Each structure stands twice: as structure tokens, then as C-alpha cells.
Amino acid sequence: MATHRYAPESLMMSFGYKPELSEGAIKTPIFQTSTFVFKTAEEGKAFFELAYGIRNKEQNEELGLIYSRINNPNLEILENRLCLWDEADDCAVFESGMSAISTILLEFLKPGDVLLFSEPVYGGTDHFIHHFLPKIGVEAIGFDANDSYEDIVARVQASGKADKVAMIYAETPANPTNAIIDIECCRKVADTFSTEEKEIFVAVDNTYMGPLWSHPLQLGADIVIYSATKYIGGHSDVIAGAVLGNSAVMQRVKVLRTFLGNMASPNTCWLLLRSLETLKVRMEQQMKNAKVVAQFLENHPKVERVHYLGLLEPGSKKYELYQKQYTAPGAMISFDIQGGEKQAFQFLNQLKLFKLAVSLGSTEGLAQHPASMTHIGVDAVTKQRMGITDKLVRLSIGVENSEDILWDIGQALDLVELSVETWSVALARL
Ligand SMILES: *Cc1c(COP(=O)(O)O)cnc(C)c1O
């Protein structure tokens, strides 16, 4: 028999769905139902035994459909398809990215534990770490893209809490600066502080690059997290999140999800199934456009600095890390405009094709001002240290025609008024 292994993009239209179970419908219908009818009481009992972990699965036994907080065909098919991109054992889809993140942190941390986390992280994650985790007695220690393995280990040892470290959480590339964190280094730190009794887990928020251009599980992470609102959803019409990992990790994640009740709805899952069919073509077009935009900004006198992985200098340490972790530079660009908030706002207010909105990864271009929008809650000192300044603008590049995108950015920059001092800096760059 001919064997052939399909690439994930070839399986996004059909994997895990059997038309014969749904009147031959070529596409998965929306299973808008709260509960499922058991054939017999014995069957219901068997399903519950598995769902509650009372016994292990028999060979070839699958968890039957019980109740849509536990499982639903739309949810299961979506999870099975997401597993293909990251080559994960299992996946859990949530009603939002934040829901995925908070569930992971609640499952793998307990009072007294220490979380090591990369900075900056998404504003919502940052808030959860700084304002919620202390309430349950979890302390957090930050590290950033410039810290080496030795720096991180030294910081943990200086805290006197090396035995309390329970999890390493990394967001890479970081939102909004595109700073990159070394996942293998996170693994090494986790292994350094793990003991016989305590395994330290490494979780990576792969929203910026996944699931196409980076596979953290292959680089040593235990858990990969997505805001599926972004590239996976990709059309600015759905909020969702996903977590992937090995079976043992995912068993714990799914049990907590069952009791928090924060799984995605059948309708949300159906929208994401539809989005997955075009995931690769969308992301590739976005990335091609982003390369052109980054080059344009790099040469523009009103732009001080562009933060884009495609502009890293070959041979530099960052470039080597980029090559190890990513297969493409992505489609998120940040740049420092000449001037400050005034100039950044003038630029944002003049955009015509781009929409002035937070979120990212969508088919349409989006632009925002991290310091006063997504990252307004980050404390001022950290913001400055991370480069989230008043002059930073973040662009999420869409699938539009690249000449139209350049025209829009160009005309908006033309209308930005520079002060006398910034003009001289800008002229010096010409
Ligand atoms: C948007 C985002 C989140 C939060 O996801 P929601 O779906 O909005 O809850 C988490 N991490 C990153 C990197 C994000 O961009």
C-alpha cells in the first residue's frame, strides 16, 4: 500500500471528520448541543469512568461524547487539527488566549511557588502575573532577552527561592518589541532547578510565530500556548485560545478546563476550523508583505528604528537564535518613529487602509500604540527598560496588496510633523 505523509496544510480541510456521520455534509456542521444521548446506561457509565480518570482507556477506546463542557465534535476536531502543526499529543481549546494562559498558570503553580517569566509579555498576561498570582501566594521573577543562562540562574539563587521555582513562562518573540527568548536556555534553567520530586515545566506563548514558523515543543518546551484570536483565527471575528503538549500535561490541563468551564463554544470552534483551511496561505502572504514593509520603514527618514526579525544582522547572536527557533521572520513589525507620542498619534490617525485597533494576525492590517494601549498597565520603569516607549508603533501586517500597504504607511508618515530637533536627526539619517 502506498504510504504518504501529508503536510498539515493538506489535512486542514478534512482531518478527523467523517462525512458519513453527518448526512454526508462535506464540512463539519456546528454541533450546537449541550448534551449527548447515550445508547445505554452502561455506555454512559463507561464514558464517565474515562472522563473522571477512574480507569484507564482500553485499547482503541475513545472518550465518548458526554456534555459540551467536556467534549463536543467541533472542539475535538479542531483540537486534533491543531495538534498536527506542532506535532503535539493533545490540545485543549479555550474561550480566549487569556483563559488558556490563566488556566495553565493555575494548574501548574500553587501557593509558595515561584514563576520565572520573560519580559515583556502580553499586557493581559503581565496583569495576571503581577496582580492575580500574588493573591494566591505565587511570586514571579522576570528575566529578559538579554539575560544569559548564568544571569537567570544567578537571579534565582539570589532570591533564595531556588527550591520554589515551579514553572518557566516565555513569550517569544515578545509582544510588542519582537525581542527573542532562547527556548533551549529556558529548558536548561528548568532542568537545573528540577528535582526528583519536582519537575519544572516550560511554557511558551507562541502566538506571534505559531503554528507555522516555530514549534516550541520541538525546542524543549512542555507546553505551547496560543491566542487563537490572532493568526489561527485570523479574521478579527473570534476570540479563542489553545494549549498543546504531551498527554500527561494535557490530561491535567483538560481536567482543570472541565471544572473552570472555559472551553470554546461549538460556534467558535467551527469558525476556527474554517480559518485553519487558509492558515498557511494567509500567514505566508502576511510575512511576504511584512518583509517589504520592514524594508520601506528601515529606509524612511521619519523612522528611527525598526524592530523586525527579518532585519537582524546575519552573524549576530540574535540572528543565530532566530535561525534556531524560527523558519521565517513573521508579520509583526514595531518601529520607533522620530519624535514621541505626538508623532506616533499623528501617524496612527492618518492611516487609511490600516485600522487603528489592537489585536494582531488578522487579514487586515492593524496599527496601535503599545505604551498607551496594549501595554498601558506595565509599570513605567519596566516599559522604559523594554523599549516600550512613546515613540513605539506596532503594526500587524495583513494580506492586502503590498503596494497599497506601502502607500498607506507612506502617506501617513508624510503627514507626521517633526520638531526642529527630530528633523535634524531625520536628515542625518538620509
Ligand atoms: C492577544 C494575546 C494574548 C491574549 O489572547 P486573547 O485571545 O486576547 O485572550 C496572549 N498572548 C499574546 C502574545 C497575545 O498577542
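Before reading on, note that the structure itself is shown above.
For clarity, every value in this text was computed on a predicted model and none was experimentally measured.

Colleague: Before we move on, can you summarise the sheet that holds strand β9 (residues 332-337) with the specific residues and values?
Modeller: Taken together, five strands build an open sheet; the order of strands is β8-β9-β12-β11-β10 and the sheet is mixed. Edge strands, defined here as strands with exactly one partner in the open sheet, are β8 (303-307) and β10 (355-356). Sheet topology note: the β9/strand β12 (residues 392-396) ladder contains five bridges and is antiparallel. Considered in β12, the bridge of M332 is made with S396.

Colleague: Just give me the short version of helix α4 (residues 97-108), but keep the residues and values in it.
Modeller: The end-to-end C-alpha distance of α4 is 17 Å, a good match for the 16 Å that 12 residues give at a rise of 1.5 Å each. For α4, the buried fraction is high: nine of the 12 residues fall into the buried class. Looking only at α4, the buried set comprises G97, S99, A100, I101, S102, T103, I104, L105 and F108. The backbone nitrogen of M98 lies 3.4 Å from a side-chain oxygen of the residue at the head of α4, namely S96.

Colleague: I'd like a rundown of the packing of aromatic side chains, residues and numbers included.
Modeller: For the structure shown, the criterion picks out 10 aromatic pairs. Three or more aromatic residues link up through ring pairs in this structure, and these residues are F38, F47, F48, Y52 and F259. The ring of F94 has R257 sitting right over it, with the charged end atom 5.8 Å from the ring centre.

Colleague: Requested: an account of the site of the ligand, with residues and values cited.
Modeller: Residues in contact with the ligand amount to 14 residues; listed here are only the nearest, M98, D205, S227, T229 and K230. Here an oxygen atom of the ligand sits 2.8 Å away from a polar atom, N or O, in the main chain of M98. For the ligand, an oxygen atom lies 2.8 Å from a polar atom in the side chain of S227. Notes on the ligand: free accessible area 380 Å², of which the protein chains cover 94%. The leading source of residues in the shell around the ligand is α4, at three residues. When the residues that make up the shell around the ligand are grouped by side-chain class, the tally is five nonpolar, six polar and three charged.

Colleague: Just give me the short version of the pairing of strand β2 (residues 114-119), but keep the residues and values in it.
Modeller: In terms of burial, β2 is a largely internal element, six of the six residues being buried. Burial along β2 is two-sided: V114, L116 and S118 facing one way and L115, F117 and E119 facing the other are all buried. Note that β2 and strand β3 (residues 139-144) share six bridges and pair parallel. Residue L116 lies in a different strand from β3, and its bridge partner there is I141.

Colleague: I'd love a proper account of the nonpolar core, names of residues and values included.
Modeller: By size, the foremost hydrophobic cluster in this structure holds 70 residues, and its most contacted members are L297, F347 and L395. It is helix α10 (residues 279-298) that provides the largest number of residues to this core, a total of seven residues. F347 has contacts with F335, I337, V393, L395, I409, A412, L413 and V416, leaving out every residue within four places of it along the chain. If you look at the next biggest cluster of nonpolar residues, it comprises 26 residues, including F117, V138, A203 and V243.

Colleague: Explain the layout of surface pockets residue by residue, including any values.
Modeller: Of the pockets and cavities examined, the largest pocket occupies roughly 1,400 Å³. If you trace the largest pocket, you find 37 residues lining it, with K57, E62, L63, N71 and E76 closest to the centre. Mapped onto the lining of the largest pocket, the elements with two or more residues apiece are α2 (41-51), α3 (73-86) and α8 (247-260). By volume, the second largest pocket amounts to about 670 Å³. In this structure, the second largest pocket is lined by 26 residues; those nearest its centre are T177, A179, R305, H307 and K318. At three residues, the largest contribution of residues to the lining of the second largest pocket is made by β8. Each of domain 2 (97-226) and domain 3 (280-428) accounts for three or more of the residues forming the lining of the second largest pocket.

Cut-offs applied
- Residues numbered from 1 in each chain as written.
- Predicted model: local features only at pLDDT ≥ 70, side-chain atom pairs only at ≥ 80, totals over all residues.
- Heavy atoms only, no water.
- Pairing = 2+ DSSP bridges.
- Helix = DSSP H or I, 4+ residues; strand = E, 2+ residues; numbered from the N terminus.
- Expected span 1.5 Å × (residues − 1).
- Buried < 20%, exposed > 50% of the residue type's maximum accessible area, 1.4 Å probe, protein only.
- Polar contact = N/O pair within 3.5 Å; in protein donor to acceptor, adjacent residues only side chain to side chain.
- Phe/Tyr/Trp six-rings, centres within 6.5 Å; stacked < 30°, edge-to-face > 60°.
- Lys NZ or Arg CZ within 6 Å of the ring centre and 35° of its normal.
- Near = heavy atom within 4 Å.
- Areas by Shrake-Rupley, 256 points an atom, 1.4 Å probe, with all protein chains shown as cover.
- Nonpolar A, V, L, I, M, F, W, Y, C, P; charged D, E, K, R; others polar.
- Core = buried A, V, L, I, M, F, W, Y, C linked by side-chain atoms within 4.5 Å.
- Contact = heavy atoms within 4.5 Å.
- 1 Å grid on protein atoms, 1.4 Å probe; cavity = no way out; pocket = protein on both sides within 12 Å on 5 of 7 lines; lining within 4 Å.
- Points joined across faces, edges and corners; volume = space filled by probe spheres on them.
- Domains from an automatic or database assignment.

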